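The chain contents come next:
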Amino acid sequence: MNESIVIEHLSHRFDERYALRDINYEVRQGEVFALLGPNGAGKTTTIRLLNGLYKPTEGRIHVFGKDPLREGSAIRKETGVLTETTALYERLTARENLLFFGRLYGLPESLLLKRTDEILQFFALNGRADDRVSAYSKGMKQRLALARAFLNHPRILYLDEPTASLDPESTLQVHELIELLSREDGRTVFLCTHHLVEAEKLADRVAILNNGNLLALGTIEELGRRFCPGMWVDIMLLNPIEDKLTPENLRGVLAFEHEGNTLRFQVQEESVIPMLVSELVARKAEITRVNPQKVSLEDIYFKLQNEVRESAS
Amino acid sequence: MNWRTIITIARKDIKEATQNRSVWLPLLIVPLIFVVLMPLGMILGISTVRGSEANPLNDPDFVMFIERMPEFLSETIRGMDQTQSGIVLLIGYLFAPFFLIMPLMFSTVIAAESFAGERERKTIEALLYTPATDTELFLGKLLAAFTPAVLITWGGFIAYTIVVNATAYPVMNRIWFPLPSWYPLILWVSPAISLLGVAVTVLISAKVQTFMGAYQSSGSLVLLVLALLAGQATGILYLSVLTGILIGLVLLIIDGVLMMYAIRTFNRSALLATID
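These numbers were taken from a predicted model, which means no experiment stands behind them.

Thresholds, definitions, all that
- Residues numbered from 1 in each chain as written.
- Chains lettered and ligands numbered in written order.
- Predicted model: local features only at pLDDT ≥ 70, side-chain atom pairs only at ≥ 80, totals over all residues.
- Buried ≥ 20, exposed ≤ 12 C-beta atoms within 10 Å, placed from the backbone.
- Helix = DSSP H or I, 4+ residues; strand = E, 2+ residues; numbered from the N terminus.
- Pairing = 2+ DSSP bridges.
- Contact = placed C-beta atoms within 7 Å.
- Nonpolar A, V, L, I, M, F, W, Y, C, P; charged D, E, K, R; others polar.
- Domains from an automatic or database assignment.
- Axes fitted to C-alpha atoms, helices over the stretch in contact; angles between N-to-C directions.
- Parallel < 35°, antiparallel > 145°, perpendicular 65-115°, else oblique.
- Left-handed = near helix turned anticlockwise from the far one by under 90°.
- Core = buried A, V, L, I, M, F, W, Y, C linked by C-beta atoms within 7 Å.

## Regarding the pairing of strand β8 (residues 205-210) of chain A
Residue and element names in this part refer to chain A.
Next up, step 1: Most of β8 sits inside the fold, with five of its six residues counted as buried.
Next up, step 2: Relative to β8, strand β3 (residues 32-36) runs parallel, the two sharing four bridges. Bridged to leucine 35 within β8 is alanine 207.
Next up, step 3: As judged from the five bridges shared by β8 and strand β9 (residues 213-218), these two strands associate in the antiparallel manner. Bridge pairing links valine 206 to glycine 218 in β9.
Next up, step 4: Hairpin connection between β8 and β9: a loop of two residues separates the two successive antiparallel strands, and asparagine 211 in this loop has a positive phi of roughly 50°.

## Some thoughts on helix α3 (residues 94-104) of chain A
Next up, step 1: Counting buried positions over the eleven residues of α3(A) gives nine, a clear majority of the element.
Next up, step 2: Structurally, α3(A) contributes buried residues whose contacts are with α4 (109-122) and α5 (138-150) of chain A together with α1 (3-18) of chain B.
Next up, step 3: Two residues or fewer after α3(A) comes Gly106(A), characterised by a positive phi angle close to 75°.

## With respect to the interface of chain B and chain A
Next up, step 1: Each side of the interface is counted separately: chain B has 20 residues, and chain A has 22 residues.
Next up, step 2: For the side of chain B that touches chain A, the elements supplying multiple residues, two or more each, are α1, α7 (124-128) and α13 (268-275) of chain B.
Next up, step 3: Per-element tally for the side of chain B that touches chain A: the top contributor is α1(B), with six residues.
Next up, step 4: Considered class by class, the residues forming the side of chain B that touches chain A number six nonpolar, seven polar and seven charged.

## Structural notes on the pairing of strand β7 (residues 188-193) of chain A
Residues and elements named next belong to chain A.
Next up, step 1: Burial analysis of β7 places six of its six residues in the buried class, the great majority of the element.
Next up, step 2: With burial as the criterion, each face of β7 is covered, one bearing Thr188, Phe190 and Cys192 and the other bearing Val189, Leu191 and Thr193.
Next up, step 3: Relative to β7, β3 is paired through five bridges, and the arrangement is parallel. Following the sheet pairing, leucine 35 is matched in β7 by cysteine 192.
Next up, step 4: Where strand β6 (residues 156-160) and β7 come together, five bridges link them in parallel fashion. Looking at the pairing, aspartate 160 lines up with cysteine 192 of β7.

## Quick notes on the domain arrangement of chain A
Next up, step 1: Examined at the domain level, chain A breaks down into domain 1 (3-225) and domain 2 (230-294).
Next up, step 2: Relative placement of domain 1 of chain A and domain 2 of chain A: their C-alpha centres are 44 Å apart.

## Thoughts on the environment of Val36(B)
Next up, step 1: As for its position among the elements, Val36(B) is in helix α2 (residues 21-48).
Next up, step 2: Not counting the four nearest positions on each side in its chain, Val36(B) is found in contact with Ala159(B) and Val163(B).

## Some details on the sheet that holds strand β10 (residues 231-237) of chain A
All names here are of chain A.
Next up, step 1: Taken in spatial order, the four strands make up an open sheet running β11-β12-β10-β13, and their pairing is antiparallel. Each edge of the open sheet carries a strand with a single partner, namely β11 (253-259) and β13 (287-293). Averaged over all pairs of adjacent strands, the angle between their axes in this sheet comes to 20°, without regard to strand direction.
Next up, step 2: As paired strands, β10 and strand β12 (residues 262-267) are joined by six bridges and run antiparallel to one another.

## Observations concerning unusual backbone geometry
Next up, step 1: For the peptide bond that leads from Phe177(B) to Pro178(B), omega is 5°, which places it in the cis range.
Next up, step 2: Residue position: Pro178(B) is located in the loop between α8 (134-172) and α9 (182-205).
Next up, step 3: Positive phi outside glycine occurs at Asn211(A), with the angle close to 50°.
Next up, step 4: Among the secondary structure elements, Asn211(A) is positioned in the loop between β8 and β9.

## Overview of the packing of helix α8 (residues 220-227) of chain A against helix α10 (residues 297-312) of chain A
Residue and element names in this part refer to chain A.
Next up, step 1: At a closest axis distance of 10 Å, the pairing of α8 and α10 adopts a crossing angle of 50°. When the axes of α8 and α10 are compared, the pair comes out oblique. Helix-helix and strand crossings are classified by hand; for α8 and α10 the assignment is left-handed. In this structure, α8 contributes Ile220, Leu223, Gly224 and Phe227 to the contact, and α10 contributes Leu297, Ile300, Lys303 and Leu304.
Next up, step 2: Here the contact of α8 with α10 is built from residues that sort into six nonpolar, one polar and one charged.

## Quick word on the packing of helix α6 (residues 98-120) of chain B against α9(B)
Residue and element names in this part refer to chain B.
Next up, step 1: Contact pair α6 / α9: the axes reach a minimum separation of 8 Å and the direction vectors enclose 30°. Here α6 runs over α9; the crossing is right-handed. Along the contact surface, α6 presents Phe99, Leu100, Pro103, Leu104, Ser107, Thr108, Ala111, Ala112, Phe115 and Ala116, while α9 presents Leu185, Ile186, Val189, Ser190, Ile193, Ser194, Gly197, Val198, Thr201, Val202 and Ser205.

## Description of the nonpolar core
Next up, step 1: Counting residues in each nonpolar core, the largest one holds 147 residues, and the members touching the most others are Ala34(A), Leu36(A), Ala147(A), Leu191(A), Val206(A) and Ile110(B).
Next up, step 2: Here Leu36(A) is in contact with Thr193(A), His194(A), Leu196(A), Ala199(A), Val206(A), Ala207(A), Ile208(A), Leu209(A) and Tyr301(A), once residues within four sequence places are set aside.

What follows is the structure, given as structure tokens:
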């Protein structure tokens, strides 16, 4: 798989404050890559650096093999950005907004007119295409901003907090659109978010930032194995078990908790579960349900952020 | 340099400006007052009191002003009666600086909307992510402020020519306007002063957060023109063809220097720093 983005020893400083510090990673063509972190972690700064809007303090960036600082215009021709605020011209109509940006992307006039119609239809805005944007709801504005980012059929689509301040219905719509767009033509989607559920749902790989430092990078499974080893399994019983259970007298069990008829085991890996169930049955346990809990992105994220907080204090 | 990009930005900015009442209202009202109402009122006023004792042209100050005027102006009014020379001096001479206030006002109000207004509404970020270069963005916005300012001034000049000649015809008995000194004023000085308005507004826009802030600060430039007006009225300065050409030249040099600074402030990093 080719790399769309290569970042090497990237640091960026505003006066004395580091927004990014010695960052290294690659983003592959065709993947959905999520950059996670609290506000001020350096997510928006990364998008701006990748598009040549800022000059890096140190390090190198390559987007499609080009340097954003020297060839920013050529790079931006092949990228689309959904900014954190919709940044739409509210006194213009949706169609006028798209035509304006399409011309700046250098789309030929006949293609632009055709594509504007198609895209308005695709984003379900064709019924209100000639209304001023100021009359749009938040969800409609977000869809229009996404339509604008997609207008030039970008090879990399940057989405900065795409569902911030949207209601659940609009959030679902935007998620469906992102999934649809990411499946087309091997397009890379670079998603900046602090919504962990959103990243877990959409991303192939995630990078976690804190205060300009890269804390972790990989698929959620990889990060789970590395930072939250083992998995939890809940086992529900009909009646309480009489035997005293401890992690030491159960093979492959790392930790144990119980509350009433529910037993919670942290096991080394999934293969321990059948052995654990046999063991409990041998101890006369009447099992009604076995519920393995996968490590969530939320578990990984908060473990890493808490570690940073603790080491700082 | 991609001219399609530059023209696209200029057209969009002009369209947005025309939909902002704070912008289009002065563009409508100011020419209406300077080009139609004031000359109309003055010519009719002077014509009505023709020959009467109360004629303000008999005022000793005005008489002294006429006595002190330079050769080229005395030439212009030679052989005219008092009312005719009064009309020529007021309408064809003292009114001239208003045609510098207009392009200055128009260019500052549109530039404030185009540069500071776009930042105030945070729409500039999406614009910075397009392939347009910093220079193309700057030139697009410059064109958006400069072109309408000059075109409205020229349109106003044509309207003024018609109004003045039509209203004063019963007194003058001929088409007498424009006087030669107006050609450098309209074709040379007014574009130069429009550029000055844009350059100063761009520099001020980099420091203030809002459209109104930029407009009000750069509006103080009008004081320059008022000084010119006062200079003319008191007889210290006479706007001849040569003076017009020289003023235009000095303005263009100042424009060039200010534009160089303005272009430097207009880069993506600096613009982003002001919206965060």
